[in-house]
Amino acid sequence: MTLLQRLASATSSATLHRRLGAVEHVYGLTIESLGPDAELGETCRIATRSASASQVHAEVVGVRNGRLTLMPFGPVQGLAAGCEVEALGHGASIPVSDSLLGRVVDGFGEPLDGRVLSGAAPRRSIKGRPLNPMTRPRISRVLETGVRSIDALLTVGQGQRVGIFAGSGVGKSTLLGMIARHVRADVNVIALIGERGREVREFIDKQLGPEGLARSVVVVATSDQPALARIRAAHAAVAIAEAFRDEGRQVVLTMDSVTRLAMARREVGLASGEPPTARGYTPSVFAEIPELCERCGTADSGGSITALLTVLVEGDDFNEPVADLLRATLDGHIVLTRRLAQMAQFPAIDVLESTSRVMGDIVPAQERAMAQTMSRLLALLQQNRQLVDIGAYVAGSNPGLDKALALEPALRGFLEQAEGGVAREQSLRQLAELLSGLPGGLQGGKS
């Protein structure tokens, strides 16, 4: 390379001017500045007066009359009126490569496990775009999760998006750990959004284990971090999954939880001046979550992102706004109920309240018939539970119910599972043995 070429290269990459502004107000976690000339979503660097941190990064979340509304990615200690604000000219991005496998990182791609990431990796914008729906291959292959009740009764396909709905303390994280450790996929991307710090280490050591971590990327934003950092971590996890999918790999993305992402987005929306709607959620919540979901699924590269998104329902209200939105957006939902958890059924999956919208397209008719038969038996037991419990039911009045009552211990035993990793073929074989010898009315048609 000649001297002239070197000078041209250095000039093209040099910063010839800086776009600067100044902080005017800081209230709560919201920063208002006069200038600089920046666009929505752009990252800015703010100089602080703190001895512990000389700068803080923030994102532009609002623009009004030459003034910017910014939300920080870190603590705001040391910020004051007059602090310099510099627009960096780019949005949020994250480095993605195979070196992330087996690692725990934050929403910026920085390691949290005390080890240095090896090698340089290409950066990818965390704000991807949903694929053209006409380029998406149809879901045609089964994804084995290792959980009997899911594989046999609520079969998930590669590229499907499924919500796991539950109240607090019902077993969402335990179920996710069972799936992440034993699911048959090339890569796991696990996003822990708004989790307690204690639960992060517990999930990795106890639920995921060394074997599961080896083929996983864990992206963490704990509950003490600013709302924007939690939102960034969720988008970063999806961007990492997209990068592996573009290479033709089968990716399972698990996010715990989408509800905490919605709460973080609500916090940012209210701070930037959006009007509150249902339960205080802002319009941006109901726009961003479907967009995030649509980035998952199959792709023409041959890869796919199967999304398992947990929904923490407030007050066990399965019709609250975020749960209602996701139930309408996703390709299926798995409901965990406190009633079953109190009966010591783990995982506490309510098969009658759950559904897989692609199961009918990816499994043969015989397997669908077995799942329907199981649902009929469980429905009979549920519909007549009160009569049986108070002793008002007379044996022989309903032959189908008599058979269901006789099989109830075996049915509950099939739905209970202490550890994951049960092969799907084994689950189907156990279900077929369980249902053998049933009356014809229960095996087909309406009971």
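The paragraphs below set out a description of the structure included in this document. Being a predicted model, the structure only gives us computed values, none of them experimental. (Residues numbered from 1 in each chain as written. Predicted model: local features only at pLDDT ≥ 70, side-chain atom pairs only at ≥ 80, totals over all residues. Heavy atoms only, no water.)

1. Some thoughts on the pairing of strand E6 (residues 84-87)
Across three bridges, strand E1 (residues 20-27) lies against E6 in antiparallel orientation. The partner of Gly21 across the bridge, within E6, is Val85. Here three bridges tie strand E3 (residues 43-47) to E6, and the two strands are oriented antiparallel to one another. Looking at E6, one finds that Cys44 is bridged to Ala87. (Pairing = 2+ DSSP bridges. Helix = DSSP H or I, 4+ residues; strand = E, 2+ residues; numbered from the N terminus.)

2. Overview of the pattern of salt bridges
This structure, assessed with the given rule, holds 31 salt bridges. Glu242 is the partner of Arg295 in a salt bridge, and the nearest nitrogen-oxygen pair spans 2.9 Å. Within this pair, whereas Arg295 is found in the loop between helix H7 (283-294) and strand E16 (297-298), its partner Glu242 is found in helix H5 (residues 227-246), the two being separated by 53 residues in sequence. You'll find Arg295 and Glu242 in the same group, each marked buried. Glu408 is the partner of Arg412 in a salt bridge, and the nearest nitrogen-oxygen pair spans 3.9 Å. Separated by four residues within a single helix, Arg412 and Glu408 lie in helix H13 (residues 399-415), roughly one turn from each other. Take Arg412 and Glu408: they sit in the same class, and that class is buried. (Salt bridge = Lys/Arg side-chain N within 4 Å of Asp/Glu carboxyl O. Buried < 20%, exposed > 50% of the residue type's maximum accessible area, 1.4 Å probe, protein only.)

3. Overview of the nonpolar core
As a rule of thumb, nonpolar side chains are buried together in soluble globular proteins. Counting residues in each nonpolar core, the largest one holds 60 residues, and the members touching the most others are Leu153, Val218 and Leu431. Setting aside chain neighbours within four positions, we find Leu153 in contact with Arg148, Val351, Met359, Ala371, Met374, Phe414, Leu415 and Leu431. Judged by nonpolar contacts, the second largest core, of 55 residues, contains Ala239, Met255, Ile289 and Val322. (Core = buried A, V, L, I, M, F, W, Y, C linked by side-chain atoms within 4.5 Å. Contact = heavy atoms within 4.5 Å.)

4. Remarks on the layout of surface pockets
Its boundaries defined by the atoms lining it, the largest pocket holds a volume of some 660 Å³. Examining the composition of the lining of the largest pocket, we find that eight residues originate from one element, helix H3 (residues 172-182), more than from any other. Among the residues making up the lining of the largest pocket, the classes are represented as 12 nonpolar, 11 polar and 11 charged. Approximately 390 Å³ is the volume attributed to the second largest pocket. Lining the second largest pocket we find 15 residues, and of these Gly41, Glu59, Lys127, Arg265 and Glu288 sit closest to its centre. Elements supplying a minimum of two residues to the lining of the second largest pocket: strand E4 (55-64), helix H6 (258-271) and H7. In the lining of the second largest pocket, the residues fall into four nonpolar, five polar and six charged. (1 Å grid on protein atoms, 1.4 Å probe; cavity = no way out; pocket = protein on both sides within 12 Å on 5 of 7 lines; lining within 4 Å. Points joined across faces, edges and corners; volume = space filled by probe spheres on them. Nonpolar A, V, L, I, M, F, W, Y, C, P; charged D, E, K, R; others polar.)

5. Some details on the sheet that holds E6
The strand order around the closed barrel built from six strands is E1-E2-E5-E4-E3-E6, with neighbouring strands paired in antiparallel fashion. Looking at each pair of strands side by side, their axes are set apart by 40° on average, direction ignored. Sheet topology note: the strand E2 (residues 30-34)/strand E5 (residues 67-72) ladder contains four bridges and is antiparallel. If you follow Ile31 over to E5, its bridge partner there is Leu70. (Axes fitted to C-alpha atoms, helices over the stretch in contact; angles between N-to-C directions.)

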